[in-house]
Amino acid sequence: MIGRVELPSWKLLAEHAKEMKGLHMSALFDEHENRFAEFSIKLAPFLLDYSKNLITTDTMQLLFSLAKDCEVELWRKKMFSGEAINRTEGRAVLHTALRNKTQRTIYVNGEEISKAVQDSLIKMESFSNKVREGHWRGYSGKRITNVVNIGVGGSNLGPQMVTEALKQYSDNSVNVHYVSNVDGTQIANILRPLNPESVLFIVSSKTFTTTETMKNAQTAMKWLTSSSFDAAAIEKHFVAVSANKANATEFGILEENIFDMWDWVGGRFSLWSAIGLPIAIDLGFEKFMELLDGAHEMDKHFCDSPIDENAPIILALLSVWNCTFLGAQSQAILPYDQSLHMFSAYMQQAEMESNGKSVSWYGVPIDYPTVPTIWGELGINGQHAFYQYLHQSNNVVPADFIGSIESVTPIKGHHETLMANFFAQSQALMNGVNEQQVREDLKVKGRTPEYINQVAPHKVHKGNRPTNTILMRRISPRTIGSLIALYEHKIFVQGIILQICSFDQWGVELGKGLANKIEVELRCGKINPTHDSSTKELINYYQTIKNTNL
Ligand code: F6P
């Protein structure tokens, strides 16, 4: 049982980090004219520039050695070939098989799975076409005009993020909506303007046990049947995507209306499966396949490129470098493309649910920092909100800047303004501006010495803040597919390097279990006296105010 900290490359990196902390990126740029050429990769869907990290050639060589010492290539092979690398659940991890364009044969527990994947795609194609072309009709014979996807976490974030990202590619033959929150406000607001006769519900839940999803699905069913006066209407208006057919049929969904999911696909990596059905209905099946093509291209790059030219591996190594060795605790995702407005929310689940853990795969506590808090917002909005913190707080927040060369909605003059900010911000974060420069600038502007003395320290930007830049040609199903797969593989490699079980999520269970018990207390009005005083009094206060007519 060799812990990562015992690896020679890890020890060397720890020593190297001490030296690097004393350096400034702007000096590294001054010293090394070809820094961009050395620390960037051009791939078909985008360019990745990682030169604005606190790294040198030596840093990268040590990180590449770490990847080798951690046998990243071997683990990659294990994942793609269907080994049960999800150790705690004894499952294979095969979201890549969902976009396996080369039709490799893959076995899970002795069973070949590509045929099942293919069959599911055929069913999705046929169904999405029927809905889009108006052949699938509601109980009264009306065309389906609105699709409501009910699901949460991985059964919501991926499809919704992609639907939003590819809005410009939709022909709007059907409107797609997403309900994830058990707060009734969301479903009520979505259903209020809709006509039950022309709404199709997709209940998306891998387990078909998720409380929030089940409650929303029940409400949707009541809404439909109370207006149709006919339980038989359900078969025209409800389909499900689930690995738990028994629960879905028991819930009332016709068996032939159930789309398959498999336990070898993690929820947060599932948008490539029938969980992506709302995407296929919104964009058309062809575009859904282009999304899969884009992901497959990234899979090929990840599998075939050497470590030192491998974008997902490099991103993972940089994350480990910035967080574990240099001490950053959070990571911002900053898209400069409106289409990606949900991308950081999606990435939060992808990375934090996968690697936000503190026990190694040997079941022993990990004593080094693992993955950062992922957060973010559209870059331009962030500039007028939290960039102050990125530039001048004492906490260094590495950031990924993601932008497009062409807008999908070109409006004269807008894109240059947007992209000027995109380039300027990562430059400012890297270079900063020192006190002498600030003073000179103020002097040139004719400020008085008193004013300069007062204001100069506040205008200093230390810089030296790491960023990666991903620059796409333009948002398309293919580029989005590649972008998502890039981050999926980054997360996988991070997990291998940090010795984390990336594909389970035990940390969500405790709260779920307690909520189930407390819900019973709220319904029957009996508070468990063994709760801690805070929880007990909060529930007490809630019940008292609720029952008071004030
Ligand atoms: O509670 C977390 C989680 O299990 C996620 O991992 C998952 O994506 C989400 O809930 C939804 O699960 P399901 O698809 O089974 O409803």
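Residues numbered from 1 in each chain as written. Predicted model: local features only at pLDDT ≥ 70, side-chain atom pairs only at ≥ 80, totals over all residues. Heavy atoms only, no water.

Moving on, we get to the nonpolar core. In terms of nonpolar packing, the biggest core is built from 123 residues, with W264 and F343 touching the most fellow members. Counting contributing residues per domain, this core is built from domain 1 (4–69 + 305–358 + 366–431 + 465–496) and domain 2 (124–290), each supplying no fewer than three. Formed by 24 residues, the second largest nonpolar core is a distinct cluster that contains V148, V179, I234 and F238. (Core = buried A, V, L, I, M, F, W, Y, C linked by side-chain atoms within 4.5 Å. Buried < 20%, exposed > 50% of the residue type's maximum accessible area, 1.4 Å probe, protein only. Domains from an automatic or database assignment.)

As a further point, take the side chain of N100. Note on placement: N100 falls in the loop between helix 5 (72–81) and strand 3 (107–108). Residue N100 is classed as buried on the basis of its relative accessible area, which comes to 8%. In this structure the side chain of N100 is engaged in a polar contact, spanning 3.1 Å, whose partner is the side chain of T102. Within the structure, the side chain of N100 is placed 2.9 Å from the backbone oxygen of R104, a separation counted as a polar contact. Beyond its immediate chain neighbours, meaning those up to four positions away, N100 contacts I106, S114 and H296. (Helix = DSSP H or I, 4+ residues; strand = E, 2+ residues; numbered from the N terminus. Polar contact = N/O pair within 3.5 Å; in protein donor to acceptor, adjacent residues only side chain to side chain. Contact = heavy atoms within 4.5 Å.)

Turning to the packing of aromatic side chains, a few remarks are in order. Using the criterion set out here, one finds 25 aromatic pairs in the structure. Judged by centre distance (6.1 Å) and plane angle (35 degrees), the ring pair of F285 and F288 falls under tilted. Here the residue F285 and the residue F288 both occupy positions in helix 13 (residues 285–304), the gap between them amounting to three residues, near one helical turn. Like F288, F285 is buried. Taking the centre distance of 6.1 Å and the plane angle of 65 degrees together, the rings of F401 and F422 count as edge-to-face. One end of the pair, F401, is in strand 12 (residues 399–404); the other, F422, is in helix 18 (residues 414–431), and 21 residues separate them in sequence. Among the aromatic residues, those joined into a ring-pair cluster are F80, F269, F302, F492 and F503. A cation over a ring is seen here: R35 above F29, with NZ or CZ 5.0 Å from the ring centre. Directly above the aromatic system of Y451 lies the positively charged group of R447, at a separation of 4.3 Å from the ring centroid. (Phe/Tyr/Trp six-rings, centres within 6.5 Å; stacked < 30°, edge-to-face > 60°. Lys NZ or Arg CZ within 6 Å of the ring centre and 35° of its normal.)

Looking now at the environment of V320. Tracing the chain through its elements places V320 in helix 14 (residues 311–325). For V320, a relative accessible area of 1% puts it in the buried group. For V320, the residues in contact, after removing those within four places along its chain, are L66, F325, I497 and L498.

Bringing the pairing of strand 11 (residues 373–376) into the picture now. Summarising the sheet, strand 10 (residues 330–335) and strand 11 pair through four bridges and their orientation is parallel. Within strand 11, the residue paired with A332 across the bridge is W375. Between the parallel pair strand 10 and strand 11, the chain is carried across by helix 15 (residues 343–355), and the sense of this crossover is right-handed. (Pairing = 2+ DSSP bridges. Right-handed = clockwise from strand over helix to strand, strands pointing away.)

What follows is about the domain arrangement of the protein chain. Looking at the protein chain, the domain boundaries give domain 1 (4–69 + 305–358 + 366–431 + 465–496), domain 2 (124–290) and domain 3 (508–549). If you look at the interface, domain 1 gives 24 residues, while domain 2 gives 18 residues. Between domain 1 and domain 2, roughly 1900 Å² of surface is buried when both sides are summed, and carbon and sulfur atoms account for 67% of that area. Linking domain 1 with domain 2 are one salt bridge. (Buried area = accessible area lost by both parts, 1.4 Å probe. Salt bridge = Lys/Arg side-chain N within 4 Å of Asp/Glu carboxyl O.)

Let us now look at the sheet that holds strand 13 (residues 467–472). Spatially, 1-2-13-12-10-11 is the arrangement adopted by the six strands of the open sheet, whose pairing is mixed. Where the open sheet ends on each side, the last strands, each with one partner, are strand 1 (40–42) and strand 11. Each neighbouring strand pair of the sheet contributes to a mean axis angle of 15 degrees, computed without reference to strand direction. Examined bridge by bridge, strand 2 (residues 46–49) and strand 13 share four bridges and lie antiparallel to one another. (Axes fitted to C-alpha atoms, helices over the stretch in contact; angles between N-to-C directions.)

Moving on, we come to unusual backbone geometry. Phi is positive for N172, close to 55 degrees, though the residue is something other than glycine. Inspection of the secondary structure puts N172 in the loop between helix 7 (157–165) and strand 6 (175–179). Assessed through its relative accessible area of 55%, N172 is described here as exposed. Notably, F208 is not glycine yet its phi reads approximately 55 degrees, a positive angle. Here F208 lies in the loop between strand 7 (199–204) and helix 9 (211–228). Residue class for F208 comes out buried when judged on its relative accessible area of 2%.

Quick look at empty space enclosed by the protein now. Enumeration over the complete set of coordinates arrives at three cavities of 30 Å³ or more. The element best represented in the lining of the largest cavity is helix 21 (residues 477–498), accounting for three residues. Of the residues contributing to the lining of the largest cavity, the split by class is eight nonpolar, two polar and one charged. In this structure, the second largest cavity is lined by L315, L318, S319, N322, Q331, P398, A399, D400, N468 and K490. Mapped by element, the contributors of at least two residues to the lining of the second largest cavity are helix 14 and strand 12. The biggest single contributor to the lining of the second largest cavity is helix 14, with four residues. Residue composition of the lining of the second largest cavity, grouped by class: four nonpolar, four polar and two charged. (1 Å grid on protein atoms, 1.4 Å probe; cavity = no way out; pocket = protein on both sides within 12 Å on 5 of 7 lines; lining within 4 Å. Points joined across faces, edges and corners; volume = space filled by probe spheres on them. Nonpolar A, V, L, I, M, F, W, Y, C, P; charged D, E, K, R; others polar.)

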